[in-house]
Number of protein chains: 2
Amino acid sequence: MGVGQRGNIVQSLDRALSILEELSRHDSGLGVTDISSVLGLHKSTVYRLLHTLMIRGYVEKIVSTEKYRLGLKIIELGQKRLESTEIRSEARHYLVKLMEETNETVHLCVLDNREVVYIDKVESSNTVRMYSRIGRRAPLYCTGVGKAILAFWPEEEIKKYVKEKGLSRKTDNTITELNQLLKHLEEVRQKGYAVDNEEHDPGIRCVAAPVQDYTGNVVASISVSGPTTRIAEDQVKLLAAKVKKCALNISKQLGYNP
Amino acid sequence: MGVGQRGNIVQSLDRALSILEELSRHDSGLGVTDISSVLGLHKSTVYRLLHTLMIRGYVEKIVSTEKYRLGLKIIELGQKRLESTEIRSEARHYLVKLMEETNETVHLCVLDNREVVYIDKVESSNTVRMYSRIGRRAPLYCTGVGKAILAFWPEEEIKKYVKEKGLSRKTDNTITELNQLLKHLEEVRQKGYAVDNEEHDPGIRCVAAPVQDYTGNVVASISVSGPTTRIAEDQVKLLAAKVKKCALNISKQLGYNP
DNA sequence: CTTTATAGTTTCATAATACGAAACACAGTT
DNA sequence: AACTGTGTTTCGTATTATGAAACTATAAAG
């Protein structure tokens, strides 16, 4: 492979990871030919990679349909990684308390590759289903947890992010203009919390605050989320105070010294 | 690669999966040379595979130590696989009820590669920490959830399992003789439930029952577990009745028709 | 019942890739 | 200043992974 080409990527590993990700998008499984078509790989190549993944337990065949799907080994590694996430165990106690105080769903997110990844979630007994799921990712520009992190980036990095990732509209409320976003993030910085006013999902409001580590860097964020029918705009300030306090407690737990 | 050699395994993929698994055993991360030593691979090979895994998000570097660890992408795939496990969503409601009735921790396991894998867990408010974790595996011969499945295998398959996997002692109570195990499994079959009397962990008792799918095959098991100080031997029968009932409800949910 | 189409699986020649040896860069230790 | 160990890069080539072709199995169509 040309060195300048793919920056020293191991091709067969790269292909196998693409297979795993494609399988992760299809709960009911895929066949060899399906994967071959989607990924533009020869079916004998797909077969051979699947076979290796199967032997190692990362892929399995659904008995009834003979389609391939992710194997249980992936759960094992995923759970191990999740449980070894230090901030998750440090924060858990505070997240549970915040959920009890507010009776709304609480999230903990970390930054990864210019997206937030949900790594903990304490669900309230209220029954409206939240879209968020542990392990999933979400954009920075249109979620509370994302803006709570993005607000503390240097302006040049925010601009670079917007240039490379774009600001695609998710709802009628999504901010899609750079200057409007910058102004908004200035407010987030000043107030110390971010609000997602149905910018990512219609009908869902989220109040979020940044979490800092012992160096003072913003490395995570937490939020309280619920339907706009339960989290009215005039309640945001009260809620924000609670979220900020919780975030500060977690930050201190991580060694942050304000 | 000789066909007879490795049964059509893609070597570089196989190696990369070994790297991922080794990283999963070390919360605080590993260096290139560490991995090279443990896996017997050349350090430039390890470096190249790690680099590809990093680019794809499956491995990341810990900023403070510059060691490598599993990346957050692995959580994403693991959670997606977990959430698409049909039996898990079908069973959840019943597991929660069983926990409320017993106020002990409840597990759901599925069979995979002659081990059980924990795929759900409903923890009671009691504070004794259970060893079990979602995603983790456990042997069949010395856990309640395992024996609840093993009991319904043909005797020849049980013998093959014992021959190939062995019956290594975990506690003073572990059954380590084939004939004793066979006799015990006969009882499990007759009673319809299995008990782990500190066979896997000292001080922990577990009462488990098999879950059948629409074909009648035993595909999973559920259990109630707790310390022997709370689950006395004379309570096992009462508990077993509740566990069996719950398992039957889940089986019916899966289309089992007794 | 026969034929056709499609998906999955296997084989094999070879081009391309991944490998490992060697070298280099850097940081920590002596 | 010299040495040691780890991480990273380069390069020649042996080995591997690839894809084309063929085979097998199953389902669908005529």
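The structure this text deals with has already been given above.
First, a word on what this report is: a plain description of the structure on this page. (Residues numbered from 1 in each chain as written. Chains lettered and ligands numbered in written order. Predicted model: local features only at pLDDT ≥ 70, side-chain atom pairs only at ≥ 80, totals over all residues. Heavy atoms only, no water.)

This next bit is on the protein's contact with DNA strand C. Close to DNA strand C lie 21 residues, the nearest being Gln11(A), Thr33(A), Tyr47(A), Tyr68(A) and Thr45(B). Backbone atoms, meaning sugar and phosphate, make up 71% of the atoms of DNA strand C lying within 4 Å of the protein. Between DNA strand C and Gln11(A) there is a distance of 2.7 Å, counted from a phosphate oxygen to a backbone nitrogen or oxygen. In terms of residues, the surface near DNA strand C owes the most to one element, helix α4 (residues 43–55) of chain B, which gives four residues. Taken together, the residues of the surface near DNA strand C break down into six nonpolar, 10 polar and five charged. (Near = heavy atom within 4 Å. Polar contact = N/O pair within 3.5 Å; in protein donor to acceptor, adjacent residues only side chain to side chain. Helix = DSSP H or I, 4+ residues; strand = E, 2+ residues; numbered from the N terminus. Nonpolar A, V, L, I, M, F, W, Y, C, P; charged D, E, K, R; others polar.)

A few words now on the relation of the copies chain A and chain B. At an RMSD of 0.0 Å, chain A and chain B line up after a rotation of 180 degrees and a shift of 0.0 Å along the axis. Such a turn and shift between the copies fits a two-fold axis. Taken as a fraction of all interface residues of chain A, those also at the interface in chain B reach 100%, which identifies the copy contact as same-surface. (Least-squares fit on C-alpha atoms with pLDDT ≥ 70 in both. Contact = heavy atoms within 4.5 Å.)

We now examine the packing of helix α2 (residues 11–24) of chain B against helix α3 (residues 32–39) of chain B. All names here are of chain B. Axis separation between α2 and α3 bottoms out at 11 Å; the angle between their running directions is 110 degrees. Between α2 and α3, the interaxial angle falls into the category roughly perpendicular. For α2 against α3, the interelement crossing comes out right-handed. Listed contacts from α3 to Ser 18, Ile 19, Glu 22 and Leu 23 of α2 are Ile 35, Val 38 and Leu 39. Its residues assigned to classes, the contact of α2 with α3 shows five nonpolar, one polar and one charged. (Axes fitted to C-alpha atoms, helices over the stretch in contact; angles between N-to-C directions. Parallel < 35°, antiparallel > 145°, perpendicular 65-115°, else oblique. Left-handed = near helix turned anticlockwise from the far one by under 90°.)

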